[in-house]
Amino acid sequence: MKLKIAVLAGDGIGPEVTAQAVRVLDAVADQHGHTFEFEEWPVGGVAIKQEGAPLPASTLDACLSSNAVLLGAVGAPEHDKLAAAARPEAGLLALRNALGAYANLRPVVSYEAISECSPLRPDIARDADILIVRELLGGLYFGQPRGLLSEAGTASAFNTMRYSVSEIERIAHVAFKAALARRQKVTSIDKANVLETSQLWRKVVTAVAKEYPSVTLEHLYIDACAMHLIMNPRRFDVMLTENLFGDILSDEAAVITGSLGMLASASIGGAVGLYEPVHGSAPDIAGRGLANPLGAIASAALLLRHSANLEQESKEVEAAIRAVLNAGYRTPDLDRGTGKLVLQTSEMGSRVVEAFSDIANERHAYHAV
Ligand code: NAD
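Presented here is an overview of the structure given in this document. (Residues numbered from 1 in each chain as written. Predicted model: local features only at pLDDT ≥ 70, side-chain atom pairs only at ≥ 80, totals over all residues. Heavy atoms only, no water.)

### Section: the pattern of salt bridges
So, step 1. All told, the structure shown has 20 salt bridges when counted by the stated rule.
So, step 2. A salt bridge links D237 to R182; the shortest N-O distance between them is 2.7 Å. A residue pair is termed long-range when its members are at least 10 positions apart, and D237 in the loop between α8 (222–231) and β10 (238–241) and R182 in the loop between α6 (165–180) and β8 (185–190) qualify at 55 residues.
So, step 3. We classify R182 as partly exposed; its relative accessible area is 25%.
So, step 4. Sharing partners across several salt bridges, the network here consists of D129, R182, R183 and D237. (Salt bridge = Lys/Arg side-chain N within 4 Å of Asp/Glu carboxyl O. Helix = DSSP H or I, 4+ residues; strand = E, 2+ residues; numbered from the N terminus. Buried < 20%, exposed > 50% of the residue type's maximum accessible area, 1.4 Å probe, protein only.)

### Re the site of the ligand
So, step 1. Residues in close proximity to the ligand total 21 residues, the closest being E89, G280, A282, D284 and N292.
So, step 2. Take A282: an N or O atom from its main chain is 2.8 Å from an oxygen atom of the ligand.
So, step 3. N292 is positioned with one of its backbone polar atoms (N or O) 2.9 Å from a nitrogen atom of the ligand.
So, step 4. Partitioning the shell around the ligand into residue classes produces 11 nonpolar, 6 polar and 4 charged. (Near = heavy atom within 4 Å. Polar contact = N/O pair within 3.5 Å; in protein donor to acceptor, adjacent residues only side chain to side chain. Nonpolar A, V, L, I, M, F, W, Y, C, P; charged D, E, K, R; others polar.)

### Some thoughts on the side chain of T18
So, step 1. Within the fold, T18 resides in helix α1 (residues 14–32).
So, step 2. Look past the residues within four positions of T18 in its chain and what remains in contact with it is V7, A9, L70, L71 and G72. (Contact = heavy atoms within 4.5 Å.)

Okay, here's the thing in structure tokens:
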């Protein structure tokens with residue numbers, strides 16, 4: 001397999017964690033006989049400095065002509081005073097939009113080895129394994145009309161939550177297909193007792209479910225879902241949500257894992273898939289080797305699965321992440337003073353590469369017998 005991957009490391013800890021994800025992808029290519037070509041392009045604050053815009057045309061063109069985009073993080077305090085459209089974050093939103101990535105997948109996994117990092121009791125968080133499928137290009141964040149008004153000396157503001165049948169159908173299919181490869185359950189989240197968009201959402205999702213008879217569908221109201229997610233996260237397999245509800249629930253779900261640095265994401269459905277850790281540029285720890293690269297490495301595993309259809313390789317990378325945690329290795333965000341081995345960002349990357357190679361070699365040995 002030959003893959004061209006655009007690497008947009010971005011700002012703060014972005015370059016540190018992305019470098020480790022690229023090392024792991026290199027190891028995957030070596031072990032499995034693939035050719036991965038990496039090209040680095042600026043995005044965010046670094047692009048503003050170099051080229052005067054958070055998403056230069058050359059970066060966007062390179063992304064659109066690649067097989068996948070691996071992104072670190074964007075955002076820097078020195079740009080906080082800029083207008084919203086000129087800030088580093090605007091580059092990321094424009095990129096997601098230009099790629100047509102309407103489906104955001106965010107796996108939330110509770111690792112037994114770091115269960116003490118979650119504020120949830122271990123007996124609640126244990127074995128939670130959720131895939132959040134969030135609609136990314138519709139709903140309140142993009143609906144028109146929107147605006148700020150000033151009438152009769154009083155200010156008001158409004159946004160529009162709008163969904164078409166086709167927008168709901170395409171994201172529902174992503175969720176049901178994902179469930180087929182998992183525990184075959186989809187929980188669709190809405191507010192159908194109040195919102196017309198949710199009533200249409202529920203009707204369309206119910207219709208799409210008929211094409212997937214082996215998958216169990218349940219509907220939950222967003223408010224009840226927020227409670228169940230913390231009370232009993234194991235009850236969820238695939239969660240299907242619209243844009244705003246997904247934004248809120250996926251951050252809530254992050255507490256199950258225990259550190260923002262562990263979470264990966266894939267934004268797919270468009271011309272080219274975009275893979276990035278969930279966290280931001282973490283200026284408070286940037287440049288000091290303190291960042292946890294496991295979310296970025298897990299994003300690389302999603303890239304292998306969704307943009308290259310390399311399921312075996314993807315699973316081996318995920319198994320390597322689990323293996324290093326089981327072996328007691330931690331980055332500082334996962335250190336709870338338990339006497340575990342606390343590593344720098346690049347050392348953690350090295351441990352994952354080694355664990356991956358061990359897993360891949362074991363597979364070779366098994367097949368050779
Ligand atoms: P953040 O995610 O950067 O950091 C929040 C906290 O988590 C910080 O204490 C940070 O040190 C810690 N943290 C984050 N990632 C970590 C990792 N991999 N390892 C260890 N600790 C980690 O959020 P923030 O501080 O609110 O935002 C900082 C900048 O990032 C802002 O400019 C913001 O706009 C931007 N941001 C970008 C993205 C993105 O690129 N997708 C997402 C969120 C925020």
